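Fold and contact review
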Amino acid sequence: METIEERVERLEYYNRLTVQSINLRTYPFYTLVMEKHLTEAEVEDVLSLCNELHRRFTAQTENGYVQYLPLLLHFAGMLNSKLKPGETIEALRLQGIHPELMDKLYELARRYE
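First, a word on scope: everything that follows refers to the structure included in this document.

Rules used throughout
- Residues numbered from 1 in each chain as written.
- Predicted model: local features only at pLDDT ≥ 70, side-chain atom pairs only at ≥ 80, totals over all residues.
- Heavy atoms only, no water.
- Helix = DSSP H or I, 4+ residues; strand = E, 2+ residues; numbered from the N terminus.
- Contact = heavy atoms within 4.5 Å.
- Axes fitted to C-alpha atoms, helices over the stretch in contact; angles between N-to-C directions.
- Parallel < 35°, antiparallel > 145°, perpendicular 65-115°, else oblique.
- Nonpolar A, V, L, I, M, F, W, Y, C, P; charged D, E, K, R; others polar.
- Core = buried A, V, L, I, M, F, W, Y, C linked by side-chain atoms within 4.5 Å.
- Buried < 20%, exposed > 50% of the residue type's maximum accessible area, 1.4 Å probe, protein only.
- Patch = residues over 30% accessible without salt bridge, like charges linked within 9 Å, V, L, I, M, F, W, Y side chains within 5 Å.
- Areas by Shrake-Rupley, 256 points an atom, 1.4 Å probe, with all protein chains shown as cover.
- Salt bridge = Lys/Arg side-chain N within 4 Å of Asp/Glu carboxyl O.

All right, on to unusual backbone geometry then. Of note, the phi angle at histidine 37 is positive, near 60°, even though the residue is not glycine. With respect to the helices, strands and loops of the structure, histidine 37 is situated in the loop between α2 (28-35) and α3 (40-62). Backbone geometry at histidine 98 places phi at a positive 45°, although glycine is not the residue there.

Rendered as structure tokens:
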């Protein structure tokens, strides 16, 4: 009978094989998630933060607001401590998650590096 440790070890091996068999450049945010060992709940928190900021960004854009630095600051302040804001924004942008928002945050982050 297989022990829990053996089963986990086998599943980790299968996961490594799966990761090696896909083009991770297509999914840079998911690659970052795996590299930083984020849990499912932590990823959901990041995506929830992105959804919240996207709603704000859309509303502000529709109202003619052009100062988005507070969104970048909020993102950086609320982001999981395992992640760096700049690399996370770039990964989200390249993966196509809220592209307009991430393009704006990327532009701002590069300006203030």
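Back to the write-up after that little detour.
With that settled, the discussion passes to the environment of leucine 83. When you line up the elements, leucine 83 lands in the loop between α4 (69-78) and α5 (85-95). Considered as a pair, leucine 83 and leucine 32 are 51 residues apart in the sequence and their alpha carbons are 8.4 Å apart. Setting aside chain neighbours within four positions, we find leucine 83 in contact with Leu32, Lys36, Leu38, Val46 and Thr88.

Two numbers describe how α4 lies on helix α6 (residues 99-111): the axes approach to 10 Å, and their chain directions differ by 90°. In terms of axis orientation, α4 runs roughly perpendicular to α6. Note on element contacts: α6 touches α4 through Leu101, Leu105, Leu108 and Ala109, opposite Leu69, Leu71, Leu72 and Phe75. Among the residues forming the contact of α4 with α6, the class breakdown is 8 nonpolar, no polar and no charged.

A general feature of soluble globular proteins is that nonpolar side chains tend to end up buried together. Grouped together as the largest cluster of nonpolar side chains are 26 residues, with contacts concentrated most on Phe29, Phe75, Ile89 and Leu105. Where this core is concerned, the elements lending two or more residues are α2, α3, α4, α5 and α6. Residues in contact with phenylalanine 75, not counting those within four places in the same chain, are Leu49, Cys50, Leu53, Pro85, Thr88, Ile89, Leu92 and Leu105.

Another aspect to go through is a nonpolar patch on the surface. Judged by side-chain polarity, Leu11, Tyr13, Tyr14 and Leu17 come together as a nonpolar surface patch covering roughly 380 Å² of accessible area. Of note, tyrosine 13 is situated in helix α1 (residues 4-21). Tyrosine 13 sits in the partly exposed class, given a relative accessible area of 41%.

This next bit is on the pattern of salt bridges. Taken as a whole and judged by the stated rule, the model has 7 salt bridges. Lysine 36 is the partner of glutamate 87 in a salt bridge, and the nearest nitrogen-oxygen pair spans 3.7 Å. With a gap of 51 residues between them, glutamate 87 in helix α5 and lysine 36 in the loop between α2 and α3 connect regions that are remote in the sequence. A residue is classified by how much of its surface remains accessible, and glutamate 87, at 30% relative accessible area, is partly exposed. Here arginine 111 ties to glutamate 107 by a salt bridge, and the two come within 3.1 Å at their closest N and O atoms. Of the two residues, arginine 111 and glutamate 107 both sit in helix α6, 4 residues apart, roughly one turn of that helix. Take glutamate 107: its relative accessible area is 38%, and that puts it in the partly exposed class.

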